[in-house]
Amino acid sequence: MTEVQAAIVAAVVAALGGFVMPALVRVLPEPDARPDDELSEHERAEGPKEPYAVLADHAWFAPTAMVVSGVAGGLVGWAVGWSWLLVGLVPLVPVVVALGVIDLRTRLLPSRIVLPATAVMVALAAVHAGLVAEWSDLGRGLLALVVGRSFYWLLWFVHSAGMGFGDVRLAALLGLVLGYLGWPQFVVGMYAGFLVLAVPGVLLALVRWRASYLRAQYPFGPFMAVGALIGILVGERVLVGFV
């Protein structure tokens, strides 16, 4: 019953967090406008970015974030069980959900959210390692942060047109969390995002016989978030005995 109870509590807390996320998005400062000659052809075709305040005022935002955060939070609670880890993981869920919504609508992952969230998670991981777990857990999480960020930085450097630097920052945050939980969670969580992105594109290309779906650019933040959730849920089962 402990997993069920943890799932219920985590779902409720995460859902409440999701409900207030529009208030956070509403006060985000707008990024500086870029000159037209610095924009890609795809960015010009999309037109101006939707203002954060307008995004936050959409009637669907709060209930959608609430439902998605509640479901994701419940799954995290079920996977982790009653643990002090939930103190950091559950509040992070609606934050990542909000980032996913922002990325879907604006193709941006605001550093004003990602960087403070990363700093808070590092602090919480240090407290947890010092009081409950082992310092080696913190070391593993920090190493995973560096590895995840470096890998995504390399992808961004090689193909910046297909990946934004916000994905690099988000990889550091998710890498820290997944690595702190364990290397299996990290490996599966970081890799699963690419599979989650690739499978729908391949299916659409096969169903509609249009190769353009394979070349289309999609905001990657939501897929990274889903991949991280998969890593938390099944990473240890998938990579049994991985060290």
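Details of the structure are given in the entry above.
Residues numbered from 1 in each chain as written. Predicted model: local features only at pLDDT ≥ 70, side-chain atom pairs only at ≥ 80, totals over all residues. Heavy atoms only, no water.

Draft legend 1. Looking closely at the overall build of the protein. For the protein, the helix and strand inventory stands at 11 helices and 0 strands. Of the regular secondary structure in the protein, the N- to C-terminal order runs α-α-α-α-α-α-α-α-α-α-α. For the protein, the residues scored as buried account for 42% of the 243 residues in total. Look at the contacts in the protein between residues 6 or more apart in sequence, and 75% of them connect residues 24 or more apart. Accessible surface for the protein amounts to roughly 13,000 Å². Of this, 70% is attributable to carbon and sulfur atoms. (Helix = DSSP H or I, 4+ residues; strand = E, 2+ residues; numbered from the N terminus. Buried < 20%, exposed > 50% of the residue type's maximum accessible area, 1.4 Å probe, protein only. Contact = heavy atoms within 4.5 Å. Areas by Shrake-Rupley, 256 points an atom, 1.4 Å probe, with all protein chains shown as cover.)

Draft legend 2. Quick peek at the environment of L170. As for its position among the elements, L170 is in helix α8 (residues 165-181). When the C-alpha positions of L170 and T118 are compared, they lie 8.5 Å apart, and in sequence the two are 52 residues distant. Residue contacts for L170: discarding those within four places in its chain leaves L99, L109, V114, G221 and M224.

Draft legend 3. The packing of aromatic side chains, seen in detail. Taken as a whole and assessed by the stated rule, the structure comprises 11 aromatic pairs. Here the aromatic rings of W183 and F186 are separated by 5.6 Å at their centres, their planes lie at 80°, and the arrangement is edge-to-face. Of this pair, W183 and F186 both sit in helix α9 (residues 183-208), 3 residues apart, which is roughly one turn of that helix. Classification of F186 by relative accessible area gives buried; the value is 8%. By way of ring pairs, the aromatic residues F151, Y152, F194, F220 and F223 are connected into one cluster. Taking NZ or CZ as reference, K49 lies 3.7 Å from the ring centre of Y52, over its face. (Phe/Tyr/Trp six-rings, centres within 6.5 Å; stacked < 30°, edge-to-face > 60°. Lys NZ or Arg CZ within 6 Å of the ring centre and 35° of its normal.)

Draft legend 4. Spatial organisation of the environment of V12. Relative to the helices and strands, V12 is located in helix α1 (residues 2-26). Along the backbone, V12 and M66 are 54 residues apart, and their C-alpha atoms lie at a distance of 9.2 Å.

Draft legend 5. Representation of a nonpolar patch on the surface in the model. Together, V4, I8, V12, L16, F19, V20, M66, V67, V71 and L75 give the surface a local cluster of nonpolar side chains, amounting to about 880 Å² of exposed area. Counting only elements with at least two residues in the nonpolar patch, the list comes to α1 and α4 (61-80). One can find M66 in helix α4. (Patch = residues over 30% accessible without salt bridge, like charges linked within 9 Å, V, L, I, M, F, W, Y side chains within 5 Å. Salt bridge = Lys/Arg side-chain N within 4 Å of Asp/Glu carboxyl O.)

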